[in-house]
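Residue strings, one per chain:
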Protein chains: 2
Amino acid sequence: MKRWILASALLAAGLAGAQGASAQRAYAQEQVDLDMTARIRQEAFQRSQVMDTLNHLTDVIGPRLTNSPAMAEANRWTRAKFGEWGLANVHDEAVEDLGRGWQFSRAEVEMLSPRAMPLHALPKAWTPGTPGAIEGEAMVARLESKADLEQWKGKLRGKIVFTDELRPYKPSEKPDFQRYDAADLDELLTFPLPKPRAIDPDTLARMRARMEMMPLLNRYLADEGVLATVSISSWNDGIVRVMGGGSRKAGEAVGVPALVMMAEHYNTVLRALQRKEPVRLRLDVDSRFLDETNQPGYNTIAEIPGVGPHKDEVVMLGAHMDSWHAGAGANDNAAGVAVMMEAMRILKAVGARPDRTIRVALWTGEEQGLLGSQAYVARHFGKFEEPTDPAQKALPAFMRQQRGKLVRMPEYGKISAYFNLDNGSGRIRGIYAQENLAAAPIFAEWLKPWHDVGATIVTQRNTGSTDHVSFDAVGIPGFQFVQDQLDYFSHVHHSDLDVQDHAVADDLKQASAIVAAFVYNAATRPQPLPRKPLPPESR
Amino acid sequence: MKRWILASALLAAGLAGAQGASAQRAYAQEQVDLDMTARIRQEAFQRSQVMDTLNHLTDVIGPRLTNSPAMAEANRWTRAKFGEWGLANVHDEAVEDLGRGWQFSRAEVEMLSPRAMPLHALPKAWTPGTPGAIEGEAMVARLESKADLEQWKGKLRGKIVFTDELRPYKPSEKPDFQRYDAADLDELLTFPLPKPRAIDPDTLARMRARMEMMPLLNRYLADEGVLATVSISSWNDGIVRVMGGGSRKAGEAVGVPALVMMAEHYNTVLRALQRKEPVRLRLDVDSRFLDETNQPGYNTIAEIPGVGPHKDEVVMLGAHMDSWHAGAGANDNAAGVAVMMEAMRILKAVGARPDRTIRVALWTGEEQGLLGSQAYVARHFGKFEEPTDPAQKALPAFMRQQRGKLVRMPEYGKISAYFNLDNGSGRIRGIYAQENLAAAPIFAEWLKPWHDVGATIVTQRNTGSTDHVSFDAVGIPGFQFVQDQLDYFSHVHHSDLDVQDHAVADDLKQASAIVAAFVYNAATRPQPLPRKPLPPESR
């Protein structure tokens, strides 16, 4: 077996000047096992199973709403698959009190008058269905403040309430499908100075008011005898983009049937109402809650045990398996799950024998606020002390201005890094180093064998909104890859178009290979990945 | 009243060299009444009613399928509007035997297994509905040749037949919304030499076979007890693009319920079938034929009578009022109708007293092959002798290779020109001169006051596929304007997105002004517009 050692002292393009002497020492000896890299690449490119995995998760299992039967089936199926591939320590870890299961099968909306036409709409998750087909008149009412609720009291009974204003069509003059070009990648290498973390009191007050409104509104809608609510899809062109409504928590008010309607149909109804034409609708929504009480959800975990002196240390990789329900959660995030699973399969197939243990986690509850990964990190690695200020305590963790002191768990020192994928099915173009300056030159070395498939950059930018944040927040090196955007933010994100068709097979193969190589490198290098400093108040 | 006379001998940009001495004589004296042009412009830009008209046609009346109740209501409403505006000779002219009325109100499709999800599909026009909600198993069968029908005989009973293959997603890398830039307009000024008109015998045989297959297939589907057919939408991204199926002709077989499904859902079903999973569907399609026998359809006609020495001559303008049924026929072609109506309203509002009579026609049956305008031209102006060759006779008129001799009607010499609009709601960027070289420099002069709103070019290209072809074919100067494409061929053409939201108000105002000016110019210039030579066999 021939083994190439790279020990370059050259700084990767775009990083020059960003690194100090100590970082240079760290990466000057960085070794990439090119024989193993070649094996990984061959397995990933020529014997890929990533699309089979994606297909099963999306087409066969379907959308995997947190705590839904489909999510449970995805936990079961991925465990079975990990077992079949010979992974060790395959198990689920519970995340307590994630709420109630919910699913839907039918959402039929018809305009009966002023003229007959089918309307395209889908229900918000965790909202009730209709008792069979129901009919009612549409009306417009904004219900955003307590004053709104007061104003409409007694006037909404038996109505189907359209809660948004008409939104004029704005054409997009950019292509729906985008890849980074050289200029875009250069731009990504620049680091915009962060905005102050403090949220101004007005914004904070508005956010808290909105959070308080939700349960009030749900109770109000039911008490007032509203038949259903309809809101406008946040995208145009017939795409229905829908997340949650009602409440997933047992004992909380779930409101009334709540639909999101394609913008062009929503506007059609609103224009009729503006012309003072009575609009009569027929709704038939079959959706249901599946539990009476809050249930745990599950993260699925599996490992390739380390065989070297650091086998009690871990390198983690993961992606969230839960999804929204309008499509099949293909790009958000069966794509990430399929890539992370494939990376594990590849490492087994090439006979990888890592020093450290490699552990994959398929998270639940990401769409509800990174709940699965947060619970996992809190249990295994560390969490912040609860704030004492009641105003801060009332906020969700990610909105708090002061994090408090970090309480470390015994495994805190045993994790080298966490790698995440959750920006659709676009190929990897590099990695966000999250201001971990010492990690950057290491990644720059690791990326070199992948320049020819488009993965080239290490940016110090912080990217958020997905599960690496749970690790990064407590000071564990947690990373998300830079991915080509494709049509993630024009077509598929949380929409009915998030189905297998919009996932790009070659891009997923490329990503699988790179992730496999990254975790292998992390699991075999002599040192764990360097950590960046925690903020002073948390040290 | 100040009156500016333009008498420029300059050739318009891009036309240099295309004109002979006689054409130069024709336009050297071309006079544009800039006072009237300014009045038209002011009325069009500042007191526009074009969006009100479009709104009524699309939102209130809705899609206007040929011979549907909505099309009849559009005939009625536009007559009333023309009457209200003080137009003369407002009437409908019948187009015989256009077929039967049809309409639909509901198209609900649900996948019951392997997993429950709503599927988005719409019925083809002139196909039967289901008797309430029905259930059946999906299967794939190509039914394109007699051999196919033979192969599947006895195997389709009670099935829902998916007739297309899976179509992999191809992302578009161009913006969905497009305007011509300077380079595009330059390109449009070049004239590609025409392909030979003769269709090769193989293509001809295939086309005839396909035409023969339709009634055979419709009978077969009913005889074999097929529950319904489903085909794939020709566009991706959830857009349902649907035209006709079955038959609009009384006495012809209409087949079984036939739906077009959004591509992403169609492919989802096909992938399940490829995995050998039984796919069970529930369909509920409420569509119905409204007549037992073929009925006439109607073109709506109205005039501003000429008051000069040529008042027995006419200048015509028109657009088709019929549409497909998935959206509201907003860009195809309520946009054209609203602009043509607005042009008439503007001319009345500015007190135009044209020499020639200005006549507007709102056509029916365009989507079925320019049937309304063809019948009108045949009755009023001229038509070709029926071919004697039976092979040619069997073809629709537009596919025949030899046109035969033109039979002229008495009004043939009395029409100066016909102007059409039917490429969506995009603003006018110029005009297709259809190789009428002598007309081009005249148009170039007429366009000068509109350069500042983007209308600049006269191209000799022939554009087709709409009603000016009916005039052009018999040698009458018939023109369609060059329009910005916007999202006509990415979102709206024949699709469920063809609703008012996708029509651009400012563009329609601009078009209304230019059309009003063009027909005014044509109706006041001393000579009728020059004609191009008929092909030798038709002279």
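Residues numbered from 1 in each chain as written. Chains lettered and ligands numbered in written order. Predicted model: local features only at pLDDT ≥ 70, side-chain atom pairs only at ≥ 80, totals over all residues. Heavy atoms only, no water.

**Q** How would you sum up the pairing of strand 15 (residues 415-420) of chain B? Please name residues and give values.
**A** All names here are of chain B. Most of strand 15 sits inside the fold, with six of its six residues counted as buried. Here strand 11 (residues 314-320) pairs with strand 15 via five bridges, running parallel. Directly across from Val-315, in strand 15, lies its bridge partner Ala-417. Of the pairings in the sheet, the one linking strand 15 to strand 18 (residues 478-483) comprises three bridges and is parallel in character. Looking at the pairing, Asn-420 lines up with Gln-480 of strand 18. (Buried < 20%, exposed > 50% of the residue type's maximum accessible area, 1.4 Å probe, protein only. Helix = DSSP H or I, 4+ residues; strand = E, 2+ residues; numbered from the N terminus. Pairing = 2+ DSSP bridges.)

**Q** Go over the packing of aromatic side chains, please, and point to the residues and values.
**A** Summed over the entire model, instances satisfying the criterion amount to 40 aromatic pairs over all chains. The interplanar angle of 85 degrees and the centroid separation of 5.9 Å between the aromatic rings of Phe419(A) and Phe518(A) together place this pair among those described as edge-to-face. Pair noted here: Phe419(A) is in strand 15 (residues 415-420) and Phe518(A) is in helix 15 (residues 505-524), with a separation of 99 residues, a long-range link. Looking at Phe419(A), the relative accessible area reads 0%, which means it is buried. With relative accessibility at 0%, the residue Phe518(A) sits in the buried group. Judged by centre distance (6.1 Å) and plane angle (75 degrees), the rings of Trp126(B) and Trp324(B) are edge-to-face. Linking Trp126(B) in the loop between strand 4 (121-123) and strand 5 (134-140) with Trp324(B) in the loop between strand 11 and helix 9 (330-349), this pair joins segments that are 198 residues apart in sequence. With a relative accessible area of 3%, Trp126(B) lands in the buried category. Trp324(B) sits in the buried class, given a relative accessible area of 8%. (Phe/Tyr/Trp six-rings, centres within 6.5 Å; stacked < 30°, edge-to-face > 60°.)

**Q** Could you give an account of the side chain of Arg106(A), naming the residues involved and the relevant values?
**A** Mapped onto the secondary structure, Arg106(A) falls in strand 2 (residues 102-113). Side chain to side chain, Arg106(A) and Asp284(A) meet in a polar contact 3.3 Å long. (Polar contact = N/O pair within 3.5 Å; in protein donor to acceptor, adjacent residues only side chain to side chain.)

**Q** Give me the interface of chain B and chain A: which residues, what numbers.
**A** At the junction of the two partners, chain B supplies 45 residues and chain A supplies 45 residues. For chain B, the biggest contributors to the area lost against chain A are Asp59(B), Arg115(B) and Asp501(B); these three give 16% of the whole. Taken together, chain B and chain A are joined by 10 salt bridges. A salt bridge links Asp59(B) to Arg275(A), with the shortest nitrogen-to-oxygen separation between them at 3.2 Å. Our count for the contact surface shared by chain B and chain A stands at 25 residue pairs in polar contact (both at pLDDT 80 or more). Among the secondary structure elements, those contributing two or more residues to the side of chain B that touches chain A are helix 3 (50-61), strand 2 (102-113), strand 3 (117-119) and helix 8 (263-274) of chain B. (Contact = heavy atoms within 4.5 Å. Buried area = accessible area lost by both parts, 1.4 Å probe. Salt bridge = Lys/Arg side-chain N within 4 Å of Asp/Glu carboxyl O.)

Remember, this is a structural readout, not a statement about activity or role.
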